[in-house]
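Results of the structural survey
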Amino acid sequence: MVFERQKEAFFGGHNKQLVAASGSQYSCEVGSAKFYALCAFGGLLSCGITHTAVVPLDLVKCRIQVDPDKYKSLGNGFKVSVKEGGMKALTLGWAPTFIGYSMQGVGKFGFYEAFKNLYSGLLGEENTYTYRTSMYLAASASAEFFADIFLCPMESVKVRIQTTPGWSQTLREGAPRIWAEEGINGFYKGLAPLWARQIPYTMMKFACFERTVEILYKYVVPKPRSDCTKGEQLIVTFIAGYIAGVFCAIVSHPADSIVSKLNANPGGGVVSAAKELGLAGMWKGLFPRIIMIGTLTALQWFIYDSVKVAFRLPRPPPPEMPESLKRKLAAAES
């Protein structure tokens, strides 16, 4: 009985009326295999494209975190990097970035939709609305747990390419080198600090985005979402994504610094990396990361929502209080 309830929740049985009422407006039902596959594809595009586009900024940010004495600021970091390796040096690590973050996007967005449907179905309509922020946090944390397992090997290669002088310069050389020298542990030694960085980041990214969209439509946008054009809705998506991205960068930055330091020093551990950085060192590179993550998050949500529009996937409006809950509250007040 419990299994059947979980199965129905995962495959979106409670959401099917949203699609049934819309006729041919949507290409599939919420919770169908096609829905999850296209959401995963949207995540692949949104994360792979955006992270690869900001590789130069990411490279300088990582170098500031690992060697702040040499790379003193964002501008200085670009200047020193170009002076030593030319403009080509700013593209170091693009291949593991594209592959790693594309795979992470599959897990981050695709699994988020799955866990959100699952938890919503288990909670029921009224509890889903009442505890929606907690549901967003739980669903995003669950999704990111798996997404980081996909990302970690490529992240390990990327950081070493970008921050270790004299190390391999390409994924083709770097991945076999880590395998030969350290085995599988070399690819996953940074998984725990990656979880520490990415899970809080993703929880903030999704929960803050969902609630910001809700607030924007309620207090800022002068008309209901149903009356907005697709273009206007995507603008709201971009703005909400940028706001969420700023908070994401701040919440996850100390762990991000530890990950960079850990991957740049293969022999070290999490505790030793944290001690070496110190409290102040963990916040080095925050400004470029706010710029990078704010822009990334906004573009990722914009691309992801655009994929949903292009493939005519269901895009439910911001949640509203169920009528049954309104009646209960009215009865309690009377």
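See above for the structure.
Just so you know, the residues in each chain are numbered from 1, in the order the chain's sequence is written. In view of the model being predicted, local features appear only for residues whose pLDDT reaches at least 70, and side-chain atom pairs are presented and counted only at 80 or more, with totals across whole chains, interfaces and linings using the full set of residues. Excluded from the side-chain calculations are hydrogens and water; all other atoms, namely the structure's heavy atoms, are used.

Comments concerning the packing of helix 6 (residues 94-123) against helix 11 (residues 191-220)
Contact geometry for helix 6 and helix 11: axes closest at 13 Å, N-to-C directions at 55 degrees. On the basis of their axis angle, the class for helix 6 and helix 11 is oblique. Here helix 6 and helix 11 pass one another in a crossing that is right-handed. Where helix 6 approaches helix 11, its residues Tyr101, Gln104, Lys108, Phe109, Tyr112 and Lys116 are matched on the opposing element by Arg197, Gln198, Tyr201, Thr202, Lys205, Phe206 and Glu210. Residue classes in the contact of helix 6 with helix 11 are distributed as five nonpolar, three polar and five charged. A fitted line through C-alpha atoms serves as each axis, taken over the contacting stretch for helices, and the angle formed by two N-to-C directions is quoted from 0 to 180°. Where helices and strands are cited, they refer to DSSP runs of H or I of at least four residues and of E of at least two residues respectively, numbered from the N terminus. Here the angle decides the label: under 35 degrees means roughly parallel, over 145 means roughly antiparallel, 65 to 115 means roughly perpendicular, and every other value means oblique. In this scheme the crossing of two helices becomes right-handed for a clockwise turn of the near helix relative to the far one and left-handed for an anticlockwise turn of less than a right angle. What makes two residues a contact is simply this: any of their non-hydrogen atoms within 4.5 Å. Residues were grouped as follows: Ala, Val, Leu, Ile, Met, Phe, Trp, Tyr, Cys and Pro as nonpolar; Asp, Glu, Lys and Arg as charged; and all remaining residues, including Gly, as polar.

Some remarks on helix 5 (residues 74-85)
The terminal C-alpha atoms of helix 5 lie 17 Å apart, and with 12 residues this matches the ideal 16 Å at 1.5 Å per residue to within 8%. Each residue is placed in one exposure class: buried if its accessible area under a 1.4 Å probe, protein chains only, is under 20% of its type's maximum, exposed if it is over 50%, and partly exposed if it falls in between. Turning to helix 5, its buried residues number three or more, namely Gly77, Val80 and Ser81. Viewed end-on, helix 5 has its buried residues packed into an arc of 100 degrees, placing them on one side of the element. Exposed residues lying more than 90 degrees from the buried face of helix 5 are Gly75, Lys79 and Lys83. Multiplying 1.5 Å by the helix residue count minus one yields the expected span of that helix. Our arc is simply the arc of the directions from the helix axis toward the C-beta atoms.

Notes on unusual backbone geometry
Positive phi, close to 55 degrees, is recorded for Arg312, a residue that is not glycine. Note on placement: Arg312 falls in the loop between helix 14 (286-310) and helix 15 (323-333).

Quick look at the side chain of Thr212
If you trace the backbone, Thr212 turns up in helix 11. Judged by relative accessible area, Thr212 falls into the buried class, the value being 11%. Other than its neighbours up to four places away in sequence, Thr212 contacts Ala240 and Ile243.

Section: helix 8 (residues 132-163)
Relative to the 46 Å expected for 32 residues at 1.5 Å per residue, helix 8 spans just 41 Å between its end C-alpha atoms, considerably shorter than the ideal helical length. Leu151 marks where helix 8 bends most, by close to 45 degrees; the proline Pro153 follows one to four residues later. Counting buried positions along helix 8 yields 24 of 32 residues, so the element is predominantly enclosed. A residue's bend is given by the angle between axes fitted to the 7 residues ending at it and the 7 residues starting at it.

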